[in-house]
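Fold and contact review
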Amino acid sequence: MKIGYVKNLDALRAFAAVGVILAHAYSVDVLPQWPILGKLSYLGNFGVSLFFVLSGFVITRILIQTHQDSSYFKAFYVRRLLRIFPLYYTGLFVYYFLPYLLGITSAITPFKEQLVYYTYLQNFSRTFDWNAAGPGHYWSLAVEEHFYLLWPAIVYYALKFKPNILFYVCIFLVVAVHVLRVLMLNEGLTINVFTFTRLDQLVYGGIIAIAEKKGSLIEKNTWIFITITLIGLLLIIYLEFSSELLKESFKYTFFGITFSGFICSVIVLSDSNWISRLFQSKPLIYLGKISYGLYVWHVLAMTLVSYYFVGHAAIHFLLVVVTSIILAGLSYVWLEEPFLKLKN
């Protein structure tokens, strides 16, 4: 069975990107007069969690569909390279050199501090306090890249050994991630950006792809998916009244569960549903299409707007969003699309 394109997912990518922009643009420090808005904007950080679950789903369904192809590994890695590397490395170059050329910064980051970013180890550097400097939001791109490197082999050999074993591999990985989180927290290490303490959210996306392959993502199961979403939300609320260790250990788990249920609910919606019609509106589809660029360029947009504009916070945020969309749109047409055309 050939798995088709799910239009509704573009809207989710758009929401995730806007959430991250909101979280980075607003904070309690930026909006001391509106602490509640600042806390709400903090939740936008979990737009990254939504990106992770979406990526895990999309990548796993591709791998399941193509696992019997003779060019399985080659095709996957070449297509990922064409999708990711041009924008990633162009973004790095711009972040390191453009602020200096515009006079926003007084010096260029030393190359030895850039190196981990060129090798996708920036999240390791933040976890283990290596000497490195670069665009802070790039940590999540490293997590996804590590997933892309490891996951195809896991899916391939699991399906080759026994089709049903992939699900149990996913469950094992989710449990292992939780054990590692507790161990690292007890050692005083941060878990927020480390690949192997954020891997479970990508694996949740893999479980959704397995459910789709088994024919479980159907409209009659909508209430099951809504229930999963609500349970996840209740668990998130419960964490607000829990110990710091419990909160740190399980917040990504519960957001992963919530987003998994939500994504399943969105996938099974019929095209005639009013939510689907909203999600498939041209503005949301476009924002979803350029969401990778939105994520890469929004911090540059914040830097430029903050340097050239001093004014009301709401206007500042609007300018950041508009500038991010312009940069991402130009990036898609001039940089991403030419390479995407080579994927086939």
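Whatever comes next refers back to the structure up there.
**Observations regarding the packing of helix α9 (residues 195–213) against helix α11 (residues 244–267)**
In helix packing, the relevant descriptors are the interaxial angle and the interaxial distance, both defined with respect to the helix axes. Interaxial distance between α9 and α11 falls to 9 Å at its minimum, and their mutual angle equals 25 degrees. In this view, α9 runs roughly parallel relative to α11, as classed from their interaxial angle. Crossing handedness for the pair α9 and α11: right-handed. Where α9 abuts α11, its residues Arg198, Asp200, Gln201, Tyr204 and Ile208 lie against Tyr252, Thr253, Phe255, Gly256, Ile257, Ser260, Ile263, Cys264 and Ile267.

**Things to note about the packing of aromatic side chains**
Taken as a whole and assessed by the stated rule, the structure comprises 35 aromatic pairs. Taken together, a centroid distance of 5.2 Å and an interplanar angle of 25 degrees make the contact between phenylalanine 147 and tryptophan 151 stacked. Of this pair, phenylalanine 147 and tryptophan 151 are both found in helix α7 (residues 139–161), four residues apart, which corresponds to roughly one turn of the helix. Comparing phenylalanine 147 with tryptophan 151, the two get one shared label, buried. Between tyrosine 307 and tyrosine 308, the aromatic rings sit 4.9 Å apart at their centres with planes inclined by 85 degrees, giving edge-to-face as the arrangement.

**Looking at helix α3 (residues 47–66)**
Compared with an ideal rise of 1.5 Å per residue, which puts 20 residues at 28 Å, α3 spans 29 Å between its outermost C-alpha atoms and is within 8% of the ideal. Taking burial as the measure, the 20 residues of α3 include 17 buried ones, the bulk of the element.

**Some remarks on the side chain of aspartate 200**
Mapped onto the elements of the fold, aspartate 200 is located in helix α9. Residue classification places aspartate 200 among the buried residues on the basis of a relative accessible area of 0%. Not counting residues within four places of it along the chain, the set of residues in contact with aspartate 200 comprises Val174, Val177, His178, Arg181 and Thr253.

**Thoughts on the side chain of glutamine 122**
Here glutamine 122 lies in helix α6 (residues 122–128). In this structure glutamine 122 comes out as buried when scored by relative accessible area, which is 0%. Setting aside residues up to four positions removed in sequence, glutamine 122 forms contacts with Tyr88, Val116, Tyr117, Tyr138, Trp139 and Ala142.

**A few points about the environment of leucine 121**
One can find leucine 121 in the loop between α5 (111–118) and α6. Sequence separation of leucine 121 and tyrosine 156 is 35 residues, and the distance between their C-alpha atoms is 25 Å.

**Observations regarding the nonpolar core**
Ranked by size, the top nonpolar core spans 87 residues in total, and within it Trp151 and Ile263 carry the most contacts. For isoleucine 263, the contacting residues outside a window of four places in its chain are Leu9, Leu12, Leu50, Val53, Leu54 and Ile208. If you look at the next biggest cluster of nonpolar residues, it comprises ten residues, including Tyr26, Met302, Val305 and Val321.

**Observations regarding the state of the cysteines**
Counted by the stated rule, this structure contains zero disulfides. Of the cysteine sulfurs around cysteine 170, a residue in no disulfide, the closest is that of cysteine 264, at 13 Å. Of the residues examined, cysteine 170 reaches a relative accessible area of 0% and is grouped as buried. Overall, cysteine 264 belongs to the buried group, its relative accessible area being 7%.

**Quick look at α5**
Those residues of α5 not exposed but buried are Glu113, Gln114, Val116 and Tyr117. Projected down its long axis, α5 carries its buried residues within an arc of 150 degrees, all on one side. Exposed residues lying more than 90 degrees from the buried face of α5 are Phe111 and Lys112. Buried residues in α5 make contact with α4 (72–101) and α6. A positive backbone phi angle near 60 degrees is found at tyrosine 120, which sits one or two residues after α5.

**A word on unusual backbone geometry**
At tyrosine 120, a position not held by glycine, the phi torsion is positive, near 60 degrees. Positionally, tyrosine 120 belongs in the loop between α5 and α6. Positive phi values are uncommon outside glycine, yet aspartate 129 reaches one of about 60 degrees. Position of aspartate 129 among the secondary structure elements: in the loop between α6 and α7. Overall, the relative accessible area of 69% leaves aspartate 129 in the exposed class.

**Quick word on the pattern of salt bridges**
Within this structure, the stated rule accounts for five salt bridges. Ionic pairing is found between arginine 83 and glutamate 336, a salt bridge with its closest N-O pair at 2.9 Å. Here the residue arginine 83 occupies a position in helix α4, and glutamate 336 occupies one in helix α15 (residues 313–340), the gap between them amounting to 253 residues. The exposure class of arginine 83 is buried, given its relative accessible area of 16%. Classification of glutamate 336 as buried rests on a relative accessible area of 3%. A salt bridge links arginine 181 to aspartate 200, with the nearest nitrogen and oxygen atoms 2.7 Å apart. Residue arginine 181 is found in helix α8 (residues 165–186), and its partner aspartate 200 is found in helix α9; the two are separated by 19 residues along the sequence. Aspartate 200 shares its class with arginine 181; the two are buried.

Calculation criteria
- Residues numbered from 1 in each chain as written.
- Predicted model: local features only at pLDDT ≥ 70, side-chain atom pairs only at ≥ 80, totals over all residues.
- Heavy atoms only, no water.
- Axes fitted to C-alpha atoms, helices over the stretch in contact; angles between N-to-C directions.
- Helix = DSSP H or I, 4+ residues; strand = E, 2+ residues; numbered from the N terminus.
- Parallel < 35°, antiparallel > 145°, perpendicular 65-115°, else oblique.
- Left-handed = near helix turned anticlockwise from the far one by under 90°.
- Contact = heavy atoms within 4.5 Å.
- Phe/Tyr/Trp six-rings, centres within 6.5 Å; stacked < 30°, edge-to-face > 60°.
- Buried < 20%, exposed > 50% of the residue type's maximum accessible area, 1.4 Å probe, protein only.
- Expected span 1.5 Å × (residues − 1).
- Core = buried A, V, L, I, M, F, W, Y, C linked by side-chain atoms within 4.5 Å.
- Disulfide = S-S within 2.5 Å.
- Arc of directions from axis to C-beta.
- Salt bridge = Lys/Arg side-chain N within 4 Å of Asp/Glu carboxyl O.

Taken by themselves, the reported measurements are silent on function.
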